[in-house]
Amino acid sequence: MIGFSTAPSTTVDSRGGTCMYSQIDTLRAQGPAVAAEFPEGFRAWVVTRGEVVRRLLPHPGVSRDLKKNVPGYEPGEVKWLSPWVDVESMSTAEGREHQRLRELVAPALTPERIDAMRPRLEEIAANLLDDLETRPPDEPLDLHTAYSQQLPTRLQCDLYGVPEDLRPEVLRILRVVLNTDNVPAEESAAVFTDMNVAMRTLIDLKRREPADDLTSFLLAARLDGEAPLSEQELVDMLFPLIGDGSQTTVSLIDHTVRELLANPDQLKTVLADPSRIDRENEEHIAFGAGPHFCPGARLARLAAHVAVPALFARFPDLALAVAPDEVRSPHSFIANDVAALPVVLRHRAVKAA
Ligand code: HEM
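Just so it is clear, the structure is predicted and the values come from calculations on it, not from any experiment.

*Asks:* When you look at the site of the ligand in this model, what are you seeing that I'm missing?
*Replies:* The environment of the ligand is made up of 21 residues, and the closest members are Arg64, His98, Arg102, His292 and Cys294. At 2.7 Å, a side-chain N or O of His98 approaches an oxygen atom of the ligand. Looking at the shell around the ligand, the elements that each hand over two or more residues are α5 (95–105), α13 (231–262) and α15 (297–314). Element by element, the count of residues in the shell around the ligand is highest for α13, at five residues. Across the shell around the ligand, the residue classes tally to 11 nonpolar, eight polar and two charged.

*Asks:* It is not clear to me how the layout of surface pockets should be interpreted in this structure. Could you clarify?
*Replies:* To locate leftover empty space, one rolls a probe as large as a water molecule over the atoms. The volume enclosed by the second largest pocket comes to roughly 420 Å³. Taken together, 19 residues line the second largest pocket, and the ones lying closest to its centre are His144, Gln149, Arg175, Asn179 and Gln247. Mapped by element, the contributors of at least two residues to the lining of the second largest pocket are α9 (150–159) and α10 (167–178). With five residues, α10 is the single largest residue contributor to the lining of the second largest pocket. Its residues assigned to classes, the lining of the second largest pocket comprises seven nonpolar, eight polar and four charged.

*Asks:* Teacher, can you tell me more about the side chain of Gln156 here?
*Replies:* Checked against the element boundaries, Gln156 lands in helix α9. Take Gln156: its relative accessible area is 6%, and that puts it in the buried class.

*Asks:* How do you make sense of α9 when you look at a structure like this?
*Replies:* Note: α-helices contain 3.6 residues per turn, so residues at a spacing of three or four share the same orientation. Among the 10 residues in α9, seven count as buried, and that is most of the element. For α9, the complete set of buried residues consists of Leu151, Pro152, Thr153, Leu155, Gln156, Cys157 and Leu159. The inward-facing, buried residues of α9 contact α7 (118–133), α8 (143–148), α10, α12 (214–220), α13 and α15. Phi turns positive one or two residues past the end of α9, at Gly161, with a value near 70 degrees.

*Asks:* What's the story with helix α11 (residues 185–208) in this structure? I'm lost.
*Replies:* Between its first and last C-alpha, α11 extends 36 Å over 24 residues, near the 34 Å set by a 1.5 Å rise per residue. Listing the buried residues of α11 in full gives Ser188, Val191, Met195, Asn196, Ala198, Met199, Leu202, Ile203, Leu205 and Lys206.

Conventions and cut-offs
Residues numbered from 1 in each chain as written. Predicted model: local features only at pLDDT ≥ 70, side-chain atom pairs only at ≥ 80, totals over all residues. Heavy atoms only, no water. Near = heavy atom within 4 Å. Polar contact = N/O pair within 3.5 Å; in protein donor to acceptor, adjacent residues only side chain to side chain. Helix = DSSP H or I, 4+ residues; strand = E, 2+ residues; numbered from the N terminus. Nonpolar A, V, L, I, M, F, W, Y, C, P; charged D, E, K, R; others polar. 1 Å grid on protein atoms, 1.4 Å probe; cavity = no way out; pocket = protein on both sides within 12 Å on 5 of 7 lines; lining within 4 Å. Points joined across faces, edges and corners; volume = space filled by probe spheres on them. Buried < 20%, exposed > 50% of the residue type's maximum accessible area, 1.4 Å probe, protein only. Contact = heavy atoms within 4.5 Å. Expected span 1.5 Å × (residues − 1).

This is how it looks when you write it as structure tokens:
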């Protein structure tokens, strides 16, 4: 059991999906920070107010490294947390070490480099949409699998030079890592090892055959007078970059499309003038705050800016195939996504035929 100075006031169920969303309402009603106990035997504060999170994220007293800061925490103890916290990555490092890792990655994610990815994103989107156009116009299909999930994962795999034969394994690992309560225990226990093996395979390949991709870039990256990233640092850095970078963007596209389809007036307004941004509160914390602010925020925004308008331009009569509140949540305590996004395309070419 991990030490905790305050007696927990509530027990949190770490199952995902609807269970997680309904718990959030309950926890919110209990206050801005709730001392909670998880069934896996660890305790944590659940912070339920954006303004409190905003103040905590950049605070030097807040650490993301469970291994060093939570008394009694044993790496590997909580299987679904392992890939996120039992690593030495940007996400878990603090202070000078964190700054070093950020500085090594920064040249790979400059605004110029990210903006230069637009043509590739447009190409991937166009290919996926071409494929969708061959599908029957009035038969429900899962847009999450056929489009939202494909675009960011293909982009990230391209960017990091993940070879075609390794991609199914990387995507499988991601699925297992994110599905925190619907995966057999043995699969869940093995996935941390699988993740290490897959990333080492990628690194070995790029050591033998460096190419114009970000894995090769990170292999060669070094700061003045400092050693390059160690093998383990590379492994721990690559998977979050490839995996988190794609899955979060998948959710952004899924939620945007679902909300626009559920609110046709808003969709009409946005399509008439895509440059509007009507939200009143722009101080959201979706990309975090402070030193850990998401280094991929610009790329995520760009991907959504390409994916969503291209989809509606090709399928202006796109519609949800189920009621908005029937769109299922995934079995995940980590990913705020949909399990599937059933739509009908209703494309004109076939309708007119
Ligand atoms: C809609 C899409 C995205 C969302 C909502 C998102 C959200 C976030 C948030 C909230 C954090 C801060 C976590 C913290 O404070 O500990 C973060 C960090 C991070 N994000 Fe993203 N992200 C997205 C896309 C991306 C992309 C496309 C990439 C890769 C190119 C990426 C790579 C990272 C990395 C490496 C970190 C760790 C940074 C650090 O700890 O210093 N993210 N992201």
